[in-house]
Amino acid sequence: QVQLAESGGGLVQAGGSLRLSCAVSGTAFSINGMDWYRQAPGKQRELVATITSDDMTNYSDSVKGRFTISRDNAKNTVYLQMNNLKPEDTAVYYCSADLVVRGLFRRYWGQGTQVTVSS
């Protein structure tokens, strides 16, 4: 069975940096794309960054220039480097993967990791 595990969240001061990781484990799958979402209390979940199988990336306007998404194919892991963090970046960050399992596209989600940015 496929599982996604996020790590790297924590409490940082404004202007600081964090690097989130998301490892996909399992067998008999291929990764079509991987994404990072975030959700603050009382807010809708928003897409933060995406990366395709050929390393094409996209970012939300609010994080563009500050966050960088990357992947390590050998480790089936996606990263989100977050620099110059702001209090408004505080949220639970979720990793999501679009996988092909037994010839079918399926969406998988991690449990989330908390990022808190203090002023």
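Calculation rules
- Residues numbered from 1 in each chain as written.
- Predicted model: local features only at pLDDT ≥ 70, side-chain atom pairs only at ≥ 80, totals over all residues.
- Heavy atoms only, no water.
- Buried < 20%, exposed > 50% of the residue type's maximum accessible area, 1.4 Å probe, protein only.
- Helix = DSSP H or I, 4+ residues; strand = E, 2+ residues; numbered from the N terminus.
- Pairing = 2+ DSSP bridges.
- Disulfide = S-S within 2.5 Å.
- Phe/Tyr/Trp six-rings, centres within 6.5 Å; stacked < 30°, edge-to-face > 60°.
- Salt bridge = Lys/Arg side-chain N within 4 Å of Asp/Glu carboxyl O.

Caption draft 1: Region of the structure containing the pairing of strand 8 (residues 77–82). Taking burial as the measure, the six residues of strand 8 include five buried ones, the bulk of the element. Two elements, strand 3 (residues 18–25) and strand 8, share six bridges in a ladder whose sense is antiparallel. Considered in strand 8, the bridge of Cys22 is made with Val78. As paired elements, strand 7 (residues 67–72) and strand 8 share six bridges and run antiparallel to each other. Bridge pairing in strand 8 places Thr68 opposite Gln81. The hairpin formed by strand 7 and strand 8 contains four residues between the paired strands, and Asn76 there has a positive phi angle of roughly 50°.

Caption draft 2: Quick peek at the state of the cysteines. By the definition in use, this model includes one disulfide. Paired by a disulfide, Cys22 and Cys95 hold their sulfur atoms 2.1 Å apart. With the S-S dihedral at roughly -80°, the linkage between Cys22 and Cys95 falls on the left-handed side. Of this pair, Cys22 sits in strand 3 while Cys95 sits in strand 9 (residues 91–101), and the two are 73 residues apart along the sequence.

Caption draft 3: Structural view of the packing of aromatic side chains. Enumeration according to the criterion identifies one aromatic pair in this entry. Between Tyr37 and Trp109, the ring centres sit 4.9 Å apart and the planes meet at 50°, which makes this aromatic pair tilted. Separated by 72 residues along the polypeptide, Tyr37 in strand 4 (residues 29–39) and Trp109 in strand 10 (residues 104–109) bring together distant segments of the chain. The class for Tyr37 is buried, based on a relative accessible area of 18%.

Caption draft 4: View of unusual backbone geometry. For Asp55, which is not glycine, the phi torsion reads 70° and is therefore positive. On the secondary structure map, Asp55 appears in the loop between strand 5 (46–52) and strand 6 (57–59). With a relative accessible area of 45%, Asp55 lands in the partly exposed category.

Caption draft 5: Spotlight on the pattern of salt bridges. In this structure the tally under the stated criterion is five salt bridges. In this structure, the salt-bridge partner of Asp35 is Arg107, at a minimum N-O distance of 2.8 Å. With Asp35 in strand 4 and Arg107 in strand 10, this pair connects stretches of sequence that are 72 residues apart. Classification of Arg107 as partly exposed rests on a relative accessible area of 38%. When the shortest N-O distance is used, the salt bridge between Asp61 and Lys64 registers 3.4 Å. For the pair shown, Asp61 and Lys64 are each scored as exposed. When salt bridges with common partners are traced through the structure, they connect Arg38, Glu46, Arg66 and Asp89 into a single cluster.

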